[in-house]
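Geometric and topological summary
Residues per chain, in single letters:
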Amino acid sequence: QVQLEESGGGLVQAGGSLTLSCGASGGTFGSYAMGWFRQTPGKEREFVAAISWHGGSTYYADSVKGRFTISRDNAKHTLVLQMNSLNVEDTAVYYCAADLSDTNVVDNPKRYEYWGQGTQVTVSS
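So, a few notes on the structure that sits alongside this text. Fair warning: this is a prediction, and the values are worked out from it, not measured in the lab.

Side note on the side chain of Arg72
Assignment of secondary structure puts Arg72 in strand S7 (residues 68–73). For the buried Arg72, no salt bridge is present, and the opposite-charge side chain at shortest range is Asp73, 8.4 Å distant. At 2.8 Å, the side chain of Arg72 and the backbone oxygen of Tyr32 are in polar contact. A polar contact is formed between the side chain of Arg72 and the backbone oxygen of Trp53, at a distance of 3.5 Å. Those residues in contact with Arg72 that sit more than four places away from it in its chain are Phe29, Gly30, Tyr32, Ala33, Met34, Ile51, Ser52, Trp53, Gly55, Thr78 and Leu79.

Structure, rendered in structure tokens:
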């Protein structure tokens, strides 16, 4: 069992930055892939970014490439999403997720077994 908890969401103006964190407990944190997803009302959960077990491989959705950075600290059991140059289209509930079956980057939400409760990010114009 893996428990995930996101933090760091909030309200920010367009062009601003936010840093989301995800703390993990249970399992062996440094042995599996992790990712960030987001969802807005009435839409499917959308892939944002993924990172391999050791952090050496990352993968981003085209919509956030060059603006968001995913990283992990295996010693601190923490996943981070640094979000820069935010725009109103980035407004969503952001979720971190753990894929215990894979070690490399994964963008399919159905592969992820564990999810956090989500944190709201709102970008105002």
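Some details on the sheet that holds strand S1 (residues 3–7)
Spatial strand order, S1-S3-S8-S7: four strands in an open sheet with antiparallel pairing. Both outer strands of the open sheet, S1 and S7, are each paired with one neighbouring strand and no more. Across the sheet, the mean angle separating the axes of adjacent strands is 15° when strand polarity is ignored.

Points about unusual backbone geometry
Unusually for a residue other than glycine, His77 sits at a positive phi of about 55°. Assignment of secondary structure puts His77 in the loop between S7 and strand S8 (78–83). Backbone geometry places Ser85, a non-glycine residue, at a positive phi of 50°.

Considering the packing of aromatic side chains
Per the stated rule, a full pass over the model turns up seven aromatic pairs. With a centroid separation of 6.0 Å and 75° between ring planes, the pair formed by Phe29 and Tyr32 is classed as edge-to-face. Look at Phe29 and you get buried, because its relative accessible area is 2%. Residue Tyr32 is classed as buried on the basis of its relative accessible area, which comes to 1%. Ring geometry for Phe47 against Tyr59: centres 5.5 Å apart, planes inclined by 25°, an arrangement best described as stacked. Of this pair, Phe47 sits in strand S5 (residues 46–51) while Tyr59 sits in strand S6 (residues 58–60); the two residues are twelve residues apart in sequence, bridging distant segments of the chain. Looking at Phe47, the relative accessible area reads 12%, which means it is buried. These aromatic residues form a ring-pair network of at least three members: Phe37, Phe47, Tyr59, Tyr95, Tyr112 and Trp115.

Cut-offs applied
- Residues numbered from 1 in each chain as written.
- Predicted model: local features only at pLDDT ≥ 70, side-chain atom pairs only at ≥ 80, totals over all residues.
- Heavy atoms only, no water.
- Helix = DSSP H or I, 4+ residues; strand = E, 2+ residues; numbered from the N terminus.
- Buried < 20%, exposed > 50% of the residue type's maximum accessible area, 1.4 Å probe, protein only.
- Lys, Arg positive; Asp, Glu negative; His and termini not counted.
- Salt bridge = Lys/Arg side-chain N within 4 Å of Asp/Glu carboxyl O.
- Polar contact = N/O pair within 3.5 Å; in protein donor to acceptor, adjacent residues only side chain to side chain.
- Contact = heavy atoms within 4.5 Å.
- Pairing = 2+ DSSP bridges.
- Axes fitted to C-alpha atoms, helices over the stretch in contact; angles between N-to-C directions.
- Phe/Tyr/Trp six-rings, centres within 6.5 Å; stacked < 30°, edge-to-face > 60°.

Purely geometric stuff here, so don't read any function into it on its own.
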